[in-house]
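Structural overview
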Amino acid sequence: DGGITQSPKYLFRKEGQNVTLSCEQNLNHDAMYWYRQDPGQGLRLIYYSQIVNDFQKGDIAEGYSVSREKKESFPLTVTSAQKNPTAFYLCASSMRLEGNEQFFGPGTRLTVL
Amino acid sequence: AQKVTQAQTEISVVEKEDVTLDCVYETRDTTYYLFWYKQPPSGELVFLIRRNSFDEQNEISGRYSWNFQKSTSSFNFTITASQVVDSAVYFCALSEAYTGANNLFFGTGTRLTVIP
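The text that follows walks through the structure, step by step, so that each part is easy to find.

Conventions used here
Residues numbered from 1 in each chain as written. Chains lettered and ligands numbered in written order. Predicted model: local features only at pLDDT ≥ 70, side-chain atom pairs only at ≥ 80, totals over all residues. Heavy atoms only, no water. Pairing = 2+ DSSP bridges. Helix = DSSP H or I, 4+ residues; strand = E, 2+ residues; numbered from the N terminus. Axes fitted to C-alpha atoms, helices over the stretch in contact; angles between N-to-C directions. Contact = heavy atoms within 4.5 Å. Buried area = accessible area lost by both parts, 1.4 Å probe. Salt bridge = Lys/Arg side-chain N within 4 Å of Asp/Glu carboxyl O. Polar contact = N/O pair within 3.5 Å; in protein donor to acceptor, adjacent residues only side chain to side chain. Disulfide = S-S within 2.5 Å. Buried < 20%, exposed > 50% of the residue type's maximum accessible area, 1.4 Å probe, protein only. Core = buried A, V, L, I, M, F, W, Y, C linked by side-chain atoms within 4.5 Å.

Moving on: the sheet that holds strand E1 (residues 4–7) of chain A. All names here are of chain A. Strand order in the open sheet formed by four strands is E1-E3-E8-E7, and the pairing between neighbours is antiparallel. One side of each edge strand has no neighbouring strand; the edge strands of this open sheet are E1 and strand E7 (64–66). For this sheet, the mean inter-axis angle between neighbouring strands, taken without regard to orientation, is 20 degrees. In this structure, E1 lies alongside strand E3 (residues 19–25), joined through four bridges in antiparallel fashion. What sits directly across from Gln6, in E3, is Cys23.

Listed as interface residues are 25 residues of chain A and, on the opposing side, 21 residues of chain B. With both chains or domains summed, chain A and chain B bury close to 1,800 Å², and 49% of this area falls on carbon and sulfur atoms. The largest share of the area that chain A buries against chain B comes from Glu98, Gly99 and Phe104 of chain A, three residues that together contribute 29% of it. In this structure, the connection of chain A to chain B is made through one salt bridge. There are four residue pairs in polar contact (both at pLDDT 80 or more) connecting chain A and chain B.

Across all of its chains, the model carries two disulfides over all chains by this definition. Shown here is the disulfide that connects Cys23 of chain A with Cys91 of chain A, its sulfur atoms set 1.8 Å apart. Its torsion about the S-S bond being -70 degrees, the disulfide of Cys23 of chain A and Cys91 of chain A is classed as left-handed. One end of the pair, Cys23 of chain A, is in strand E3; the other, Cys91 of chain A, is in strand E9 (residues 87–94), and 68 residues separate them in sequence. Between Cys23 of chain B and Cys92 of chain B runs a disulfide, and the two sulfur atoms are separated by 2.0 Å. On the S-S bond that ties Cys23 of chain B to Cys92 of chain B, the torsion sits near -65 degrees, and the link is left-handed. Pair noted here: Cys23 of chain B is in the loop between strand E3 (19–21) and strand E4 (24–26) and Cys92 of chain B is in strand E10 (residues 88–96), with a separation of 69 residues, a long-range link. By relative accessible area, Cys92 of chain B is classed as buried at 0%.

Formed by 23 residues in total, the largest nonpolar core has its most connected members in Trp36, Phe77, Tyr90 and Leu112 of chain B. Looking at this core, the elements that each hand over two or more residues are strand E2 (10–14), E3, strand E5 (32–39), strand E8 (64–69), strand E9 (74–79), E10 and strand E12 (110–115) of chain B. Broken down by element, this core gets its largest block of residues, four residues, from E10 of chain B. Apart from residues no more than four positions distant in its own chain, Leu112 of chain B is found in contact with Ile11, Val13, Val19, Ile79, Asp86, Ser87, Ala88 and Tyr90 of chain B. Membership of the second largest hydrophobic core comes to 21 residues, among which are Tyr33 and Phe104 of chain A together with Tyr33 and Phe35 of chain B.

Following this line, the structure appears as structure tokens:
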């Protein structure tokens, strides 16, 4: 089955610790994305990558970092510099051409204690 | 700057009623794409439809229909004969071609509750 996997589904961390969220896709998509969702709000773009070894900041990149060493993988690190990291994080992928729909993973709910 | 407004935060309907979810957008781009996604309680977003700015034809897919009107910058979504399984948060989103990337800008969503 083709799709996007995110792990873990729930994640708890102590304040001040870095944490890495996993995102893997087997759809052969070039582009991948990370979004953050807070209660009652829409999704906001953190980082995106259109090709391996290249990525760009989105609207709310501060306190986050990413890597794109493989086409299938786009991990997101939430650093201790992120002031309010508790949120629902969604990963997506798409074909690179403009206007293509994005396919989403099941999300990771991060709670920082 | 682009903007997507979903003014209806929450809507409740009784099963079998029709319901329309509103979406108004702003963009300076002449080429853009509009999307609707469904987010059930599980959290994963499910793609429903995409429209490009040059295609104003309305579309129907089963109980779902979409009304795209450039004159009012709206892309509304109607569910006919609603069912309990339609209960979810629905997001409207915009992608602008000039950015060269396929990034989506989302509205804040409308939570639909269908009461049995």
